[in-house]
Structure formats: structure tokens, C-alpha cells
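For reference, the chains in residue letters:
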Amino acid sequence: MAGGGRRRRIRLSKLYSFACGKPSLNDVPNENIGRTGFSRVVYCNEPDSDEAMALNYVGNYVKTTKYTLASFLPKSLFEQFRRVANFYFLIIGIMSFTPLAPYAAVSAIIPLVAVIAATMVKEGLEDLRRQQQDLEVNSRKVLVHRGGGTFEQKEWKNLRVGDIVKVEKDSFFPADLFLLSSTYEDGVCYVETMNLDGETNLKLKQALEVSLPLQEDHHFRDFRAVIKCEDPNANLYAFVGTMELNGQQHSLSPQQLLLRDSKLRNTDYVYGAVVFTGQDTKVVQNSTAAPSKRSQIERRMDKIIYVLFGLLFFMAGVGSIYFGVTTNEDLDHGEMKRWYLRPDASVIFFDPNRAAAAAIYHFLTALMLYSYFIPISLYVSVEIVKVLQSSFINKDIHMYHEETDKPAHARTSNLNEELGQVDTILSDKTGTLTCNSMEFIKCTIAGVAYGRGVTEIERAMARRKGSPLIEDEDWDNNQGADTKLAVKGFNFKDERMMNGNWVKEPRADIIQKFLQLLAVCHTAIPEVDEATDTVTYEAESPDEAAFVIAARELGFEFYTRTQTSITVRELDPMSGRKVERVYTLLNVIEFNSTRKRMSVIVRDEDEKILLLSKGADSVMFERLAKNSKEFEEQTRDHVNEYADTGLRTLILGYRELEKEEYNEFDRKLKEAKNSVSAERDAMIEAVVEKMERDLILLGATAVEDKLQKGVPECIDKLAQAGIKIWVLTGDKMETAINIGFACSLLRQDMKQFVITLDAPDIVALEKTASDKAVVTKASKERIIHLINKAKAEVVASRGGSEAFALIIDGKSLTYALEDDVKGLFLDLAIDCASVICCRSSPKQKAMVTKLVKTGTGKTTLGIGDGANDVGMLQEADIGIGISGVEGMQAVMSSDVAIAQFRYLERLLLVHGHWCYRRISSMICYFFYKNMTFGFTIFLYEAFASFSGQPLYNDWFMSLYSVLFTSVPVLALGILDQDVSPKLCIKFPLLYQEGVQNVLFAWKRILGWMFNGLVAALIIFSFCVKSLEHQAFNDEGRTVGRDVLGATMYTCVVWAVNCQLAIFLTYFTRIHHIVIWGSIIFWYIFMMIYGSVSPDKSQNAYQIFTEALAPAASFWFVNFCAVVTALIPYFAYNAIQTQFFPMYHNMLQYISASGQADDPEFVNVVRQGSLRPTTVGFTARIAAKANRLKQKITNRNR
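Numbering of residues starts from 1 in every chain and runs along the sequence as written. With pLDDT at 70 or above as the cut-off, local features in this predicted model cover only qualifying residues; side-chain atom pairs require 80 or more to be listed or tallied, and sums for whole chains, interfaces and linings still use all residues. Computation of side-chain values: all heavy atoms of the structure, hydrogens and water removed.

(A) Structural context of a negative patch on the surface. Together, E633, D637, E641, D644, E734 and D758 give the surface a local cluster of negative charge. Secondary structure elements follow DSSP: runs of H or I no shorter than four residues count as helices, runs of E no shorter than two count as strands, and numbering proceeds from the N terminus. No other element matches helix α15 (residues 632–644), which puts four residues into the negative patch. Looking at where E633 falls in the secondary structure, it is placed in helix α15. Since its relative accessible area comes to 61%, E633 is described here as exposed. Patch rule: a residue counts if its relative accessible area is over 30% and it has no salt bridge; like charges are joined within 9 Å, and nonpolar side chains (Val, Leu, Ile, Met, Phe, Trp, Tyr) within 5 Å. Reported accessibility uses the Shrake-Rupley method at a 1.4 Å probe radius. Residues are deemed covered only where the shown protein chains occlude them. The rule for a salt bridge is simple: a side-chain nitrogen of Lys or Arg has to be within 4 Å of a carboxyl oxygen of Asp or Glu. Neither His nor the chain ends is counted toward charge; the positive residues are Lys and Arg and the negative residues Asp and Glu. A single reference atom marks each charge: NZ on Lys, CZ on Arg, CG on Asp, CD on Glu. Categorising residues by exposure relies on relative accessible area from a 1.4 Å probe, with only protein chains included: less than 20% of the type maximum marks a residue as buried, more than 50% marks it as exposed, and the intermediate range marks it as partly exposed.

(B) The arrangement of the side chain of S894 in detail. Considering the arrangement of structural elements, one finds S894 in the loop between α26 (889–892) and β35 (896–898). Relative accessible area serves as the criterion here: at 4%, S894 is assigned to the buried category. A polar contact of 3.4 Å, which involves the side chain of S894, links it to the backbone oxygen of V896. Sequence-distant contacts of S894, defined by excluding residues within four places in its chain, comprise R411, L873, G879, I880 and G881. Counted as a polar contact is a pair of N or O atoms within 3.5 Å, where, for protein atoms, one must be capable of donating a hydrogen and the other of accepting one, and residues adjacent in sequence contribute only when both atoms are in side chains. Any pair of residues with heavy atoms lying within 4.5 Å of one another is described as a contacting pair.

(C) Inspection of the packing of aromatic side chains at higher detail. Between rings of Phe, Tyr and Trp, where Trp is taken as its six-membered ring, a pair exists when centres lie within 6.5 Å; planes separated by under 30 degrees are stacked, by over 60 edge-to-face, and by other angles tilted. Using the criterion set out here, one finds 51 aromatic pairs in the structure. Taking the centre distance of 5.7 Å and the plane angle of 50° together, the rings of F151 and Y271 count as tilted. Of this pair, F151 sits in strand β3 (residues 150–155) while Y271 sits in strand β13 (residues 269–276), and the two are 120 residues apart along the sequence. Looking at Y271, the relative accessible area reads 0%, which means it is buried. On the basis of an interplanar angle of 40° and a centroid distance of 5.8 Å, the ring pair of Y925 and Y928 is categorised as tilted. With Y925 and Y928 both in helix α27 (residues 903–943) and three residues apart, the pair spans about one turn of that helix. Accessibility classification places Y925 together with Y928 in one group, the buried group. Ring-pair connections join several aromatic residues into one group, and the members of that group are Y103, Y372, F933, Y952, F956, Y960, F964, Y1049, F1081, W1082, F1085 and Y1089. The aromatic ring of Y57 is capped on one face by R40, whose charged end is 3.9 Å from the ring centroid. Counted as over-ring charges are cases with an Arg CZ or a Lys NZ within 6 Å of the ring centre that also lie within 35 degrees of the ring normal.

(D) Molecular detail of the pairing of β13. With eight of its eight residues buried, β13 lies for the most part within the structure. Pairing between two strands is assigned when DSSP locates at least 2 bridges connecting them. The sheet contact formed by strand β4 (residues 164–168) and β13 spans five bridges and is antiparallel. When the sheet's bridge partners are listed, I164 is paired in β13 with A273. Bridge analysis of strand β5 (residues 176–182) against β13 gives six bridges, and the strand direction is antiparallel. Counted as the bridge partner of L177 is V274 from β13.

(E) Representation of the environment of Q516 in the model. Along the chain, the position of Q516 falls in helix α12 (residues 508–520). Exposure remark for Q516: the relative accessible area of 17% places this residue in the buried category. With 35 residues separating them in the primary sequence, Q516 and A551 have C-alpha atoms 7.6 Å apart. Not counting the four nearest positions on each side in its chain, Q516 is found in contact with F556, E570 and Y583.

(F) Representation of the pattern of salt bridges in the model. Applying the stated criterion across every chain yields a total of 54 salt bridges. K614 is the salt-bridge partner of E544, the closest N and O atoms lying 3.8 Å from each other. Of this pair, E544 sits in helix α13 (residues 542–553) while K614 sits in strand β26 (residues 609–615); the two residues are 70 residues apart in sequence, bridging distant segments of the chain. For the residue pair E544 and K614, the accessibility class agrees, reading buried in each case.

(G) Seen up close, unusual backbone geometry. Of note, the phi angle at A446 is positive, near 55°, even though the residue is not glycine. Mapped onto the secondary structure, A446 falls in the loop between β18 (434–445) and β19 (448–450).

(H) Region of interest: a nonpolar patch on the surface. There is a patch of nonpolar side chains on the surface, built from L963, W1076, I1080, F1081, I1084, M1087 and I1088 and spanning about 590 Å² of accessible area. Among the elements that take part in the nonpolar patch, helix α34 (residues 1069–1090) stands out by supplying six residues, more than any other. As for its placement among the helices and strands, W1076 is situated in helix α34.

(I) Up close: the confidence of the model for the chain. This prediction gives the chain a mean pLDDT of 84; 86% of its residues lie at or above 70. Confidence scores per residue from the predictor, reported as pLDDT, run from 0 to 100. The low-confidence segment residues 1–29 (pLDDT under 50) makes 104 contacts with residues lying over four places distant or belonging to another chain. Across residues 470–484 the pLDDT falls below 50, and counting only partners more than four positions away or on other chains, this stretch makes 14 contacts in the model.

(J) Representation of the environment of V387 within the structure. Looking at the secondary structure, you find V387 in helix α9 (residues 378–394). Assessed through its relative accessible area of 35%, V387 is described here as partly exposed. Each C-alpha atom, one on V387 and one on N416, is 9.1 Å from the other, the two residues being 29 residues apart in sequence. Those residues in contact with V387 that lie beyond four places of it in its chain are K122 and S413.

(K) Expanded view of the packing of helix α3 (residues 84–95) against helix α7 (residues 296–328). Axis definition: a line fitted to C-alpha atoms, limited for helices to the stretch in contact. Angles are taken between N-to-C directions and run from 0 to 180 degrees. Running from N to C, α3 and α7 cross one another at 35°; their axes reach a closest spacing of 10 Å. Here V84, A85 and Y88 of α3 lie close against α7, whose contacting residues are I305, Y306, F309 and L312. In this count, Pro and Cys sit with the nonpolar residues alongside Ala, Val, Leu, Ile, Met, Phe, Trp and Tyr, while Asp, Glu, Lys and Arg are called charged and the others, Gly among them, polar. Looking at side-chain class alone, the contact of α3 with α7 contains seven nonpolar, no polar and no charged residues.

(L) Representation of the pairing of strand β17 (residues 422–427). Counting buried residues in β17 gives six out of six residues, a clear majority hidden from the surface. As judged from the five bridges shared by β17 and strand β33 (residues 859–864), these two strands associate in the parallel manner. Directly across from I425, in β33, lies its bridge partner L861.

The structure is reproduced here in C-alpha cells:
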């Protein structure tokens, strides 16, 4: 591409904020350049030069894979054998090659290889997906200068430091680039950094004035420059360096740095020089490995394995001691007790003269023989089940958001069961509970309130007060044929303002200025559809978009923006017609969290210079002129009323500037911008501060951030499930409290503990005290006093029905989270039904989450949608990302992503409960079936005087957990349901089974193990005693070890599979196939394996066809032993269900008896969900009913 395309001959110099000013031409170089940490040198347009090649910077290939082709095998094997169970089986496998082994080595190695291989394949497939993603990113193409003023397409991975690239509109930047020029004449471009910080608003970047002549492709033919800058680091908002061009040094700033993975917007193309590549880019430097999270069940599973190891070593030790003592007594004064072992001519294993050594050897043999107590396939089976459970979550149509085309997405399968054990939810507010979609709903102008719309919070407040809410029902009728379709961002209803009626108002002149300010004071960008002539806006925030939309709907349509002007189609009050007015844009002083306001300075068509300003009431009222407070009191009252209803408010004001005054301001502002001293920002702020004063008040706006659909209902269900809900928000206290009432997190009868430092004595001390330590000490003492006072009230009311709410602001939270106070704070918070933390910083959100997680020891869930929620999501046991409008940063840092808060109800109460029950039941069953099998081996060895001889054929033992009992347990973990989804939601208290961990408590785990031990005793005793002293078949043959082992093995396979069939509550065709199929497969295996030559099948040769099948006693013993082994569990389960039912047993009975749709019966069962400390509108109604009953009772006394 030789041509550079048509350029925009317009300037942006006055559009961007004062923070974006251009440095002067002869800047002083930063004194740190060339020192440690500032040693990077970039030879622009000379990546092939000897100097550049000698620096040997990393390439631009970025990889996120865990393995390479060479490292996969060693690293993956290392990961697998870090698990103690796998390492144990590896040791056993190695020992199986020694003469100590009670079975063939191959039978021990193959199951281990199969399990390790399955896990490695899973790891490999996951890494392959990551590699494919890397390949897609690294193979993207960008235009790169190849020399001679021509650009050609080149893959990202081939970029080098110093390359000149041309990035086109809506493309991502392939590396960290130094901005040289853009399609705008003064080198400004718009950048979207959503992938970096989660913010959707556009950032403005600006090139140095010295590089602006590089306007076309051919201008780079002879371009050469040297950049010296800081070394690679993770700071997204800092960049220090100098550029040497044409013999002059020029200082660089973050304004010239375009970061990898940010996107070019609203700019046709830019030219840039590659500064940082690959692993050196700031986005990669910022990428941290997600914290390793393990579920409570998985951690307890490890402990169970250790318990089994202890049991295994204990049994091996006891058997070895017994074996050593017996062996020592085998040859007593020449008399042989166990003559068949020939102790007089035995090898070391049975030599009475070396009994101690024989006992040690037996101990090692026993460790191998008893290894079947440890379920070798447990970990891989659990991983398979979790992956399939995650796919069910991903494909749940009830959690699919059609509007945004976003389903639920379980980004990790490690924490599925944790979803069923959540004790506390810590939630962001904006964008999570609310929509983050602002609607202009009310305003006050010249002391008159306009807007008849009713907010969600006003409805909640009306319900709270028990009074009916009167809405303007005549609104639509009054509009008649002129009624418009709903406009996104505009929910304003007032016939006094709509359709141009504002011109009839007494203060129409002020209304006109108010609407002009809304249409002009912003940084929004209009996009005009030429076909329909409709205008849409791209704004830095939803609030700002709502303002320009409101201005348009009320007759002041912001239509065109150039780099020096704004065009507005205004309703002229005199003629009643739309006229086009152009405002010359002189300066934009943008909003930030410190200033809390933004201003523009414009020149209108009458050559008047106007300062238009809007900002928070805390900074705007103090900047009003003394003679312009005509309706300040009314405006303050209206603003307070708006805040009480949860609306966001901004104060609007203006003043007219004299030409000389503006020129002086402009001169000083340029001087401050061009300063290179450390005080540059403070100098700019001082200049602006003097200008933004003596404002004339116009009025205030009020926008609503609406609650998301279904939020109150979802919170109500979660509260009934016994889940505590905390709100951590950056909003001010009044707004957060009102949102709490709208969500029913707060209710009227709750005692509110408000912890804040707004007390007069603290405020006065902050103003007068010169020593900060004095203020800090006093503030901390007040916080401790308030916490202790609240705690005393809670303790005093214990046993009563009073509910409490704790509300604390960010300033107070700083002291509450200190090491010596956080324990007190947590104790109080746990006793409160609701906790709301206002004005919380991202760090405070993470610290509160960590405090709850570590302090309670229970499962926490963090949910948010913005980059400021990432710390909270990563700190929580489970992080839920809302795929909202604040970017994907929260989603990318989450464990599960959902589109709306309301889907949390189904995710936790249905999928969470199911996953918890399935995983816990599956693991308990695993230990049961291995205990049943392993204990029969132990009993036989004890029966054979601990001789170290296995009861079963080598391959029977090896394939027990791999073939004959593995698939049914997978079906249990994937498909079992104790109750239907409908009942899970109708009876949310069922969720408490997971929170209290009743299904995976030690009592239940040991109970299942004991069940396995009893089953093994019954099967062993039944088989041995019934076959011991009688003929086995018609030929009169007695039972040998081969027949006894095959018979007992058949009983075990039947028993453990039938046990699963009895336990299941939700039978499907798949369950029938895998359970009965596993039993049938055992018989088929016996026939196939028994037909193999005797040197391979050993004592299993023709065991089924010739010995077992023809013998009636085999079938009779099988039937009796299996039925008897199942009776203890069946009897226990029947008694427990009938007399001591768990909550899910009750719901199963309700479902089976058809009473699930009986409202009266359902209400009786659900009463257990309601407690005095429960939040939600159901609890609120119940509390109200209780108060009425109490009043009636008191009246009748």
C-alpha cells in the first residue's frame, strides 16, 4: 500500500482534556533515562540494524500454554505424581517387579498407566485449546513498513522492536506502540481499553507535534529516530522516555503509548513504532496466573485418602506382626506346626530362624496387596464428572440471555460442588444488581421539579410504608397520537417539558440554558445514520449518553462534532422551530474522581464565551456565585429527594467569561501544559480551579440505574436458602441504602447500624488538627466504639426476632479492616441479616472478601461485572463474572460467567445443589466399593494366617476399579437427581444441606466405609462358610482358592452395583445400562479371559464355563450373599427415611405423594426457610404479618 488515504483536515487540540496537553518542542529529557530500569533503546524503522539486533529483545509471539511438545511428558507426569495416591501406586508398581509382589507386575502397572494416561489426555486437550487460541492471536496480520515507503501485511508474531506499523480502525494493537501520527491532523486517536481495564469509555491518545508530518506511507521512506525509555513493567498508566529525532530530544508520556490488546476506535488509522513486544508488553506483564482454588470436598477427599493410608499401614503392620510371631513358632524343637510351608527348608519369607526379616518382607507385600483400599481411579473419575457437569451448566437454556446471546459459562470445572455450599455472597451493585444502563428520569430547573416517572426504589419505599403508589395514569392519554416509542436512556414523563411545552414555563429562559448545557457539555461522539438521519451517541459513560439523549428528546439535538465545534439543532422559543446553532469548542476540562465535575468552554454565535459545568453537589454548590443562589435551597431539597429514591444527581451551572479573562486563562493553561516539572498536574488544576467559580445555578439532573430484571426475586430465594448477602459498592451511602430497600436486603423493621466518620467531632478534628496521627487515632477509636455498641445491642436481643443491618462506608472500613479491629467487625457483621459496604475501593472489596472467607471458614462467592471487581472475584472461593457493559475483565477473572444476576438462583439452588450431592455421593460410594473389595482381600489373608496370598486372580484385582465398577459411579456423578429443578427452587432450604455439608460430613463418609466393611464381612463369611465343607458341584469336588475367589468376586461385583441401584433416586435408561451392563460384562470377561491359555489366565482358566456356571451352589451363594450384604443399608435407610428424614427425603415424599402442588402443605414445609434474620420480600411480608398478629394479640389482652 503506497497511499495513505484521505486525511481529516481538522484538529482535535481543544477537544481533549487539560491532562492531554502537548509538551513543548524542546523538552528537557527525563533524568532517569539510561539508568537502571530505564535502559531500553528502540531504533525506529531500523529493526535489522546491527545495533538493534545486538539488543536481542524478545519476539512478539505470546503463548499462554502450559506445555510444549518437549515439556509435556515430564511436566505432566510431575503434575500427576504430585498427588499422593498416584505416587503411592507408582511405588507399588515399581515394587511389583520384585519377588515380594503378590501378583504379576503388569497387572499393577496397566491400571496406573490407564488412569495417568486419561488425565494426561485431558490436560493435553485443554492445553491444545489454549494453543489454538494463541495461534489465532499470533497469526493476526498488521501492515508493517518493509522499506521504501511501502507497507505489507505481516503476522503479529513476526513483529520486532523498532518496526513501523499501520493499524486500521477497529483493529487491535499488535504490540505496545509509540504513536507517531493518525488520520487526524494533530495526531489524536481514540482507543478502547476494555480488554485491559474493563472500561468501555474511549481514551484519547496524542502524538508528539514533531512526528505529525508523517502523514502518508511514503513519508516513512527515510524516517529514523531513537527512543530511550523505561524497561518493561506492569504499570499501565505510566511511560517515561525520550525520542531523538533530527538531533533534538523530545520527552515522551503515556499519551503516546498504545497498548497491546487495546483497540483503535473512531480513527481511520494510525502509524506507530513498536516499543515493547511479546512478554515485554504491559498487558502480558499484568497477566497473573489465576489463583489456585480447590473445593472443600476435594480438600477433605485428600484427608480421607490419608486416613485410608493410615488404615492400610495399620492393617499391614498388625498382619506382619502376627505373621512374624506365627512364623517364629513354626519350628518348635523340631516340630513343624505349619508343615505344609516346610519351615525346615523354607526361603526367607517363611524362615522361622529369620522371623523378623520375614515380618518386614510381609509388611511390604501387604502394602501391595492392600493397595485396593485406595481408589486408583477416584481422581480421574471426579475430573471427568466435573467436566460433564460443567457442560450441563453451559447448556442450560434457563440461564441463556437471549438479548445478548450469552449463555452461562463454567470457565473452570474444579469448583462445581462449591456452588452448592455457598454461605455468603459478596456482590457489587452497579452493573450487577443494577443494569448500569442509565435513564434520564427527573430534573429540577430553576427550583421547579420536573419528571413524573416512578423509580423501582420509590415503589419499594411505598411498599415499605404500606401506602399505595399513585402513578400518573393519565400520561399516555394526555400524549394521544404523539406518544413516542420507548427510547433507551430516556424515561422522562412530564407534559410540561415534552413536545416543546417547556417554552410556556415561567422560567423558560433558564430551561433553555439548562438544555443547551446538556447538549454541549460532554465528550460524546455522534454517529449519524445517513439513510434515516437518526443520531446515536458513543459516550464515555452511560450517564453522559443519557444526558445527550435527554437533550435531544427535549428539543436540543446534538448533531455534529468536529475538533473545534459542536453543532446542535435547537428548539427556538421565539419561532417554535428547530434552528441549527454552532458552538466553537475552546476547551474541554474532563471529569475525574478527584474533581467530581467536568466543564467546557465554548463561544456561541453571539461571540459570547461561556463556561458550562456539571458535577457532584459536594463540589458544585460551593462554586456558585453569591448573587446566583436564588433557588439553591429548592434545588438542594430536590437533589436530596432524588438521592433518597436512588437516583444519581449532577448539578448544572454556567457563567459568561470576558474575552480578556479567557485569554489570560488560556495562556496560563498552555504554560501549565507545556511544563515538564513534577508539579505539572497541580499547576493545571490550579489554573482550572480559578476558572470554575462564581457559577450561576441552573438546576440538577437525576438518572436512574435500574435494578436488573428478577433481582429482588433472586435475592428472596437465596435468602430463603440461608445464604447471607453482602453488597460492596463504590456508590454513596444513601444510594446503596435505597438499592438495599428496593432489593429487600433492608426492610423497615430492621435496626440499622450505620458506621461512619461523619460525626461532628471527627469532622471538626480533621479540619483543625495538624497531626494526622491524632485524627487517625480518634477515627479508629470511634469505629471501635460504634462496633462495640452495635455488638452489645445484638447480644442483648438474642433470642428475640429483631433483625439487624450493618452499613459502613469506605473511610470507616479502612479502620475496621485493621488487624486489631477486623475480628470485632466480622463478629458484628455475621450477626447481621444484611451488610452493605459503601464507597468501597477495589482493594477493600478484596480485603472484605478475604476476611469473610478466612474468618468464617465457609464458602464465599463474589459476583461483579467490572474491572474493579476482579480482586474480589479472585479472592472469593468462587468468582462469578457478569458479562455486562463494563467490559470482560471480570468475566475473564471469574470461575463462572453468567449474563444476569437472576441466573444465580438456578446456578446455586439447582446446579449447585445437584453438583454437591452428586460429587459427595460419588466419592462416598467410591470409598464404599473399595472398602468392600479391599476388606475381602484382608479377611482372606487373615484366614490364610497372613501368608500374603491374594484371594483373587491378578487381573480380577486390577480391573475391579477400572472396568466392573467405574462406569456406574460416573453415571451417579453425572445424572443423579434427588429432587427436580422445580422443587429445588420451590423449597430453597434444601440448599442448606450443602452449606452445612451434611452429605459429606465425616459421619456420613465413615458410615459408607463401615457399610463396605459390613458388606465385605457378610460376603466373605457367607462364601467361606457355605462352601467350606461340602461338595461344590455334582462331581463332588471341593472348593479351591480359584473357585472361592471367583465366587466371592462375583458377589462383590453384584453387591456394589446393586447398592448403587438402591441408592439412586433418579433412574434413567443410562443408569440401567451401566449398572446391569457392568454385571453382565463381568460374566463375559470371565468367559473370554478364561478361554485364554492357562499360562496367561492362570487360575482363571475355564473357571466360569467349567466350574462356576454348572454349579447350582454358585448361583445360590451369589443370591444369598448379595441380598444379605444389602440388608444392613436397606434397613438403615428405611428407618432413617421414616423416622429421621433429611430435608431431601421430605421433598421426595412430597413429590411421590403428589402434594408438591398443594399450596397449604407446601407453605407448611417452607416455613422452615423463614427466620427473623432472613432478608427478601417473602421474609418482609412474613415479618409484617407477625407484627400485625402481635398488635392484634396485644389489643385483645
